[in-house]
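# Notes for the structure review
Residues per chain, in single letters:
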Amino acid sequence: MVTFVVRRVAYSIPVLLIASVLVFGFVRATTDPLARLRQGSRDPQAVPRERARLGLDKPLPTQYWKWLSGFVRGSWGDSFITRRSAAQEIRAKLWNTLQLIIWGILLSALVAIAVGVYSASRQYSVLDYTFTGLSFLGLSMPVFWFALMAIQFLVYEPRQIFHLDQPILYSVGLHSATPQPFDYVRHLALPVLTLSVQLVAGWSRYQRSSMLDVMSSDYIRTARAKGLPRRKVLLKHGLRNALIPLTTVMAIDIGALFGGLIITEKIFAWPGMGKLFLDALIDGDTNVLLPWVMVTAVFIIGFNLLADILYGVLDPRIRLS
Amino acid sequence: MAIRDKGGAAEAKAAAAVGSGALASEATHVGAGATVLQPVARSQWQLFRRRFFKHKVAVAAGVVLLLLYLSAIFAGQVTRYPLNPNIAQTQAQAGPSASHWFGTDELGRDQFTRIIYAGRISLAIGLSVAVVSTAVGSLIGAAAGYFGRWADQLLMRLTDLFLVVPALAILLIAQKKFGGSVPVIIIVLSLLFWQYIARVVRGVFLSLKEKEFVEAARASGASSWRIIFRHMLPNAIGPIAVNATLAVALAILTESTLSFLGFGVRPPTVSWGNMLQQSEGAVGTSNAYLIYFPGLFILVTVMAVNFLGDGLRDAFDPQSKH
């Protein structure tokens, strides 16, 4: 077991290093840290001075090494816009995004597993077909459009119909200016719903097929044959094994969420990683963009690694092969 | 699977309905009670067509897509108003009505007209990205799968790296740098998408490589390129076609997302994504009809492509259960 984990961790280190080279090269090739200065400054010496100060006149490998050693030690440079340290900015925004991710995953996992188990146990029933149709709908849904429609029909229309002073659910930000009852839940509801649509659609299909796989295996027939009640076979013998593939898929998707909430956060003005990225991109804030992409890459690699290890822990056959 | 069984018509029909081989049987009634079974050879293509047309939802999806593409091609004939009308003569922000089916926007432009013209851009991007990324991805995947060794290692490690970077962020950075013209978007999206198809084709080629017919071709002196193009690629057409349709769906979704965020197709070129970007302010007002229809067109198109892909998968590979 230990060698298995060590081997997987060791494999992800070169991936991380090569990814850092690519990310550095890509971001530096596509964004210009001096663009604002070039436009804004009348001092002809300002651009060369700033270039020397930031070390941009050095050869690229030297710059890369300086950046990487700084990145590892946590000194990520300052934002060009706010002049605050990029590490502080990202840490604050990461926590807000994490709240969305945690609630989104909990909700999606519960719904997806329930739907998947039901669909598998009543295959080809009316509800199974309904869920299949809905999951196709969810997988084809443009996230931003769903968010806009959710604001229209869950915030604006109810307010019009019932003549409310305050909307039931909020569509902007994390807090209200003045404290409101259930403020947190009312702000969280719509972004979480939006990010859950595709997760539920994907995961429930996955859970259904993995459940169908398990339920057609021999040991399930044995369990039924020795007289165990159907419910017990389904939930105790079937579900426990059918959850293994879903766990790994979930781990991979969670990693991707760290860089994937850009649309949701933009529409709901959620002060998280996605909004930080868009602002930095529009302002050409290289010192925020570079660590942002690297941090999300680290999360993606980390959760891919977790998926690998979880699979080995939950299913010893993988570990031994 | 040739069945010669006098009087067993029902059984033969059942077997023909299964139709899992290239040879199916059809019962021909000759006289009262007596039945002669004629084995009917069906080509792979005929079998594929039969299976596909049984998948009613996929056929319907294909018809919807055909209509969408036709309306985009004949946009001038389908719509009643010019794309850029003389604004002085139009009525701004009129809700859906008999004369303006989807209403008009803040400049009085007919929304239905704009959606049909936007479909030209969105559908063209979807199709082009699918064609380019499928061509590039199939070639690279085929080479990696066939030659193996370092070519394979290089492809697998390269695509591994693409999987660990946040795709949408990378696309947005690239779009900010290289601008919002349609060809640029097609190239940028293709650069990201080719690797999915490359991985699929590589997998198919790895298993095809061990088949006897490849061995036979090699033994009879065929060159590597001839084996790849004449013998192996035609056998990989199923997975390639399925993944190409999925690429269309993904490209349309991604383009609309980029355009919505302001980093995709830029006005005055009109796409479904940038129509939604321009109408975002209509959310939460009585003009919300401006956001209903462009999004609905994206949703219907992507869903139709996905259903078509599902039907193709079932038709190419009846044993697959996905």
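Nothing here was measured: the structure is a model prediction, and the numbers come from that model. (Residues numbered from 1 in each chain as written. Chains lettered and ligands numbered in written order. Predicted model: local features only at pLDDT ≥ 70, side-chain atom pairs only at ≥ 80, totals over all residues.)

### Topic: the overall build of chain A
Inclusion rule: A run of DSSP states H or I qualifies as a helix once it reaches four residues; a run of E qualifies as a strand once it reaches two. Both are numbered from the N-terminal end. Buried residues are those with 20 or more other C-beta atoms within 10 Å of their own C-beta, exposed residues have 12 or fewer, and partly exposed residues lie in between; C-beta atoms are placed from the backbone. Residue pairs are scored as contacts if the distance between their C-beta atoms, which are placed from the backbone, is within 7 Å.
Across its full length, chain A holds 14 helices and 0 strands. Starting at the N terminus, the α and β elements of chain A follow one another as α-α-α-α-α-α-α-α-α-α-α-α-α-α. Along the longest, intermediate and shortest principal axes, the C-alpha atoms of chain A span 85 × 65 × 30 Å. Within chain A, buried positions represent 36% of all 321 residues. A separation threshold of at least 6 residues defines the contact pool for chain A, and within that pool the share at least 24 residues apart is 71%.

### Brief notes about the overall build of chain B
Broken down by element type, chain B carries 13 helices and 2 strands. Counting only residues that meet the buried cut, chain B has 39% of its 322 residues in that class. Summarising the internal contacts of chain B: among those between residues at least 6 apart in sequence, 64% fall at separations of at least 24.

### Some remarks on the interface of chain B and chain A
To keep things clear, this is the line we draw: Just so you know the grouping, Ala, Val, Leu, Ile, Met, Phe, Trp, Tyr, Cys and Pro go in nonpolar, Asp, Glu, Lys and Arg go in charged, and all remaining residues, Gly too, go in polar.
Facing 32 residues of chain B, the contacting portion of chain A comprises 36 residues. Counting only elements with at least two residues in the side of chain B that touches chain A, the list comes to α6 (149–164), α7 (167–178), α11 (237–260) and α13 (289–316) of chain B. Residue composition of the side of chain B that touches chain A, by class: 23 nonpolar, 5 polar and 4 charged.

### Quick word on the environment of A:Ser135
Residue and element names in this part refer to chain A. Residue position: Ser-135 is located in helix α6 (residues 126–140). Sequence separation of Ser-135 and Leu-199 is 64 residues, and the distance between their C-alpha atoms is 9.6 Å. When sequence neighbours within four positions are dropped, the list of residues in contact with Ser-135 reads Ala-201, Ser-204 and Arg-205.

### Section: unusual backbone geometry
Backbone phi values are negative for most residues with the exception of glycine, while trans is the configuration of most peptide bonds. In the segment running from B:Pro267 into B:Pro268, the intervening peptide bond is cis, with an omega of 10°. Within the secondary structure layout, B:Pro268 lies in the loop between α11 and α12 (272–278). Despite not being glycine, A:Ala269 has its phi angle at roughly 45°, a positive value. Mapped onto the secondary structure, A:Ala269 falls in the loop between α11 (262–267) and α12 (273–283). According to the C-beta neighbour criterion, A:Ala269 is partly exposed, with 13 such atoms within 10 Å. Positive phi values are uncommon outside glycine, yet B:Arg149 reaches one of about 45°. For B:Arg149, the position within the fold is in helix α6.

### Topic: the environment of B:Phe102
All names here are of chain B. Along the chain, Phe-102 turns up in the loop between α4 (75–78) and α5 (111–147). Placed 10 residues apart in sequence, Phe-102 and Phe-112 show a C-alpha to C-alpha distance of 5.4 Å. Excluding anything up to four places from it in sequence, Phe-102 contacts Pro-96, Gln-111, Phe-112, Ile-115, Tyr-289 and Phe-293.

### A word on the packing of α12(A) against helix α13 (residues 286–314) of chain A
Packed helix pairs are characterised by how far apart their axes lie and by the angle those axes make with each other. Residues and elements named next belong to chain A. Operational definition: To define axes, lines are fitted to C-alpha atoms, for helices over the stretch in contact only, and angles between the resulting N-to-C directions are given on a 0 to 180 degree scale. The labels follow the angle: roughly parallel below 35 degrees, roughly antiparallel above 145, roughly perpendicular from 65 to 115, and oblique for the rest. Each crossing is labelled by how the near helix is turned from the far one, with a counterclockwise turn of less than a right angle marking it left-handed and a clockwise turn marking it right-handed.
Two elements in contact, α12 and α13, have axes whose closest approach is 8 Å; the angle formed by their N-to-C orientations is 140°. The angle between α12 and α13 places the two elements in the oblique class. Seen along the crossing, α12 lies across α13 with a hand that is left-handed. For the pair α12 and α13, contact is made by Leu-276, Phe-277, Ala-280 and Leu-281 and by Val-288, Leu-289 and Trp-292, respectively.

### Topic: the packing of α6(B) against helix α8 (residues 182–208) of chain B
Residues and elements named next belong to chain B. Where α6 meets α8, the axes come as close as 10 Å, and the angle between the chain directions of the two elements is 140°. Overall, the two elements α6 and α8 adopt an arrangement that is oblique. Classified by chirality, the crossing of α8 by α6 is left-handed. Judged by residue contacts, Asp-152, Leu-155, Thr-159 and Phe-162 of α6 engage Gln-195, Ala-198, Arg-199 and Arg-202 from α8. Its residues assigned to classes, the contact of α6 with α8 comprises 3 nonpolar, 2 polar and 3 charged.

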